[in-house]
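Remarks on the overall topology
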Amino acid sequence: MFRSFLLIVLRKFRNRTSSSFVNFVCFTLGLTACIALFNYVHYELSYDQYKGSEDVYRLETHYLKEGKSTQKDAFTDYLLGQQLADKLDQIETIGQLIPYSRDRKGFFKNERNHNHLIQEIYYANKSTLKILSLELVHGEFETALSQPHSMLITESVAQKLFNKEWVNGTSIIGKELTSGERGLINNRFKITGILKETAENSHLHINALITLPGYDLANLKSSVYTYVKVEPEANLDSLNKLANIVYQPQEPEQRIFFQPIQAIHTTTGTSNEPGAIVSIILLLFLSGIGVLILGLASSNYVNNAIITAGDRAKEIGIRKLLGIKPTRLAATFFAEALLLNILSSVVAVIFFLLISHFVSTYSDINFPGPKWQYANDYLTIITLLIIVSTTLSSAY
């Protein structure tokens with residue numbers, strides 16, 4: 001039966017080349033646009049989806065007026081994390097990050113006295129590495145930030161500051177960097193590890209971490225990113241209530257809020273965010289545009305089918321006289337739409353890959369290309385697009 005379906009479909013494409021070609025082009029362009037839009041939406045929703053991140057939260061400071069939140073701040077007081085950890089059994093670990101400077105960057109000199117600008121620098125405690133799932137390429141994880149004046153830098157920064165050693169494969173562990181300005185601690189730092197580059201789809205991008213000392217910081221107010229890892233069975237509403245009972249705010253209308261790390265990138269209105277934010281409304285709008293494009297491509301197929309219906313009336317009549325059941329006739333039309341959608345999807349995927357390559361290679365547009373670790377998700381999305389477009393286009 002499948003062979004007969006295939007022969008009928010191929011014969012139809014051959015006899016109606018022009019209309020089939022128009023349908024093919026419309027479906028291909030529509031599916032290419034859909035794949036590009038859904039890829040972007042999928043990428044934005046994939047932020048901070050590393051293993052164990054479902055139990056990681058960032059503490060935020062919310063300011064209320066008449067019981068409603070009027071301002072949200074990603075910063076908290078330095079002592080807050082430890083205060084909550086001492087009182088709340090659900091909190092397993094605390095990680096703290098303090099921006100190195102107001103704009104999180106600074107100049108550092110290597111041993112050759114060459115000055116280099118490093119961006120996205122933070123003071124951090126050792127637990128931050130585990131909570132944010134940061135990986136070391138070189139160095140010992142347990143001791144990387146255990147000593148004062150220790151510093152971790154990413155591979156790209158290491159290559160820039162110590163290019164000769166990096167090219168020759170010489171270890172740079174133990175080498176020193178000197179800051180052009182004094183920060184919270186001594187301005188000479190010893191490199192104790194090399195960090196793997198932060199994932200692109202992370203709300204927080206890090207190029208260097210410096211040991212966070214345990215002194216002279218107790219009075220540091222509202223300038224610390226505080227992350228906590230809680231027990232898997234911990235309840236968010238319960239955590240928020242208990243935290244605000246334990247914490248003694250500076251202002252009566254100030255509250256502490258546990259923000260899931262997976263939701264940070266799509267939550268707008270928070271000040272002092274370390275990275276870019278995207279509105280969930282925008283993502284829903286783009287998803288709607290994708291569905292609309294798919295619907296337009298399918299409606300074009302239906303319109304062409306209606307226009308050519310008179311030409312196929314004789315064929316349908318003869319097949320009915322031969323005893324072909326209506327369900328099998330319907331299956332034939334469905335098979336035509338399915339085959340056309342599969343062919344269009346294959347070409348659309350090729351177009352999308354080519355467009356992604358050219359955009360990333362020859363332009364500065366920050367367009368997310370395909371991420372092969374999400375191959376199963378892509379396959380699911382494309383399959384759903386084929387099913388939806390086939391159903392819509394064969395509905396006539």
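Definitions and cut-offs
Residues numbered from 1 in each chain as written. Predicted model: local features only at pLDDT ≥ 70, side-chain atom pairs only at ≥ 80, totals over all residues. Heavy atoms only, no water. Helix = DSSP H or I, 4+ residues; strand = E, 2+ residues; numbered from the N terminus. Buried < 20%, exposed > 50% of the residue type's maximum accessible area, 1.4 Å probe, protein only. Contact = heavy atoms within 4.5 Å. Areas by Shrake-Rupley, 256 points an atom, 1.4 Å probe, with all protein chains shown as cover. Arc of directions from axis to C-beta. Polar contact = N/O pair within 3.5 Å; in protein donor to acceptor, adjacent residues only side chain to side chain. Phe/Tyr/Trp six-rings, centres within 6.5 Å; stacked < 30°, edge-to-face > 60°. Core = buried A, V, L, I, M, F, W, Y, C linked by side-chain atoms within 4.5 Å. Pairing = 2+ DSSP bridges. Salt bridge = Lys/Arg side-chain N within 4 Å of Asp/Glu carboxyl O.

What follows is about the overall build of the chain. Along the backbone of the chain there are eleven helices and 14 strands. Relative to its 396 residues, the chain shows a buried fraction of 45%. A separation threshold of at least 6 residues defines the contact pool for the chain, and within that pool the share at least 24 residues apart is 75%. As displayed, the chain offers around 21000 Å² of accessible surface, 58% of which is attributable to carbon and sulfur atoms.

Attention now goes to helix α7 (residues 236-246). Within α7, burial applies to L239, N240 and A243. The buried residues of α7 occupy one face: seen down the axis, they fall within an arc of 95°. Summarising the geometry of α7, the exposed residues directed more than 90 degrees from the buried face are D237, K241 and I245. Of the surrounding elements, those touching the buried residues of α7 are α3 (80-87), β12 (225-230) and β13 (254-260). The opening residue of α7 is N235, an N-cap whose side-chain oxygen sits 3.1 Å from the backbone nitrogen of D237.

So, on to the packing of aromatic side chains. Counting across every chain of the model gives seven aromatic pairs. Centre to centre, the rings of Y100 and F108 are 5.5 Å apart; their planes meet at 40°, and the pair counts as tilted. Assessed through its relative accessible area of 7%, Y100 is described here as buried. Both rings, one in F108 and one in F189, keep their centres 6.0 Å apart while their planes meet at 50°; by these two values the pair is tilted. Of this pair, F108 sits in strand β4 (residues 105-109) while F189 is found in strand β10 (residues 188-195), placing the two residues 81 residues apart along the sequence. Neither F108 nor F189 differs from the other in exposure class; each is buried. Among the aromatic residues, ring-to-ring pairing joins Y100, F108, Y123 and F189 into one connected group.

Next up on the list: the nonpolar core. Soluble globular proteins tend to pack their nonpolar side chains together in the buried interior. In this structure, L97, L132 and L209 are the most contacted members of the largest nonpolar core, which totals 23 residues. For this core, the secondary-structure elements that each account for two or more residues are β6 (121-124), α4 (127-131) and β12. In this structure, Y100, F108, I121 and L177 belong to the second largest nonpolar core, which totals 22 residues.

The alternating pattern of strand β5 (residues 115-119) places H116 and I118 on a buried face, while none of N115, L117 and Q119, on the opposite face, is buried. Of the strand pairs in this sheet, β4 and β5 are connected by five bridges, and their pairing is antiparallel. Across the sheet, the residue bridging to G106 is I118, located in β5. As consecutive antiparallel partners, β4 and β5 are separated by five residues, and within that stretch N113 has a phi angle of approximately 65°, a positive value.

Quick look at the pattern of salt bridges now. Within this structure, the stated rule accounts for five salt bridges. The partner of E273 in a salt bridge is R58, and the shortest N-O contact between them spans 2.8 Å. Of this pair, E273 sits in the loop between β14 (270-271) and α8 (280-307) while R58 is found in strand β1 (residues 56-65), placing the two residues 215 residues apart along the sequence. Side by side, E273 and R58 carry an identical accessibility label, which is buried.

With that settled, consider unusual backbone geometry. We note that S133 has phi near 55°; this positive angle belongs to a residue other than glycine. Overall, the relative accessible area of 36% leaves S133 in the partly exposed class. Positioned with a positive phi, N272 is a non-glycine residue whose angle comes to about 60°. By the secondary structure assignment, N272 is in the loop between β14 and α8. Judged by its relative accessible area of 35%, N272 is partly exposed.

Topologically, N125 is positioned in the loop between β6 and α4. Leave out the neighbours within four places in its chain, and N125 touches I94, G95, Q96, L145 and L212.

With that settled, the discussion passes to the pairing of strand β9 (residues 176-179). In β9, alternate side chains face the same way, and those of L177 and S179 are buried while those of E176 and T178 on the opposite face are not. Across two bridges, the pairing between β4 and β9 is antiparallel. Following the sheet pairing, F108 is matched in β9 by S179. Sheet analysis places β9 next to β10, joined by three bridges and oriented antiparallel. From the neighbouring strand, E176 faces β10, where its bridge partner is K190.

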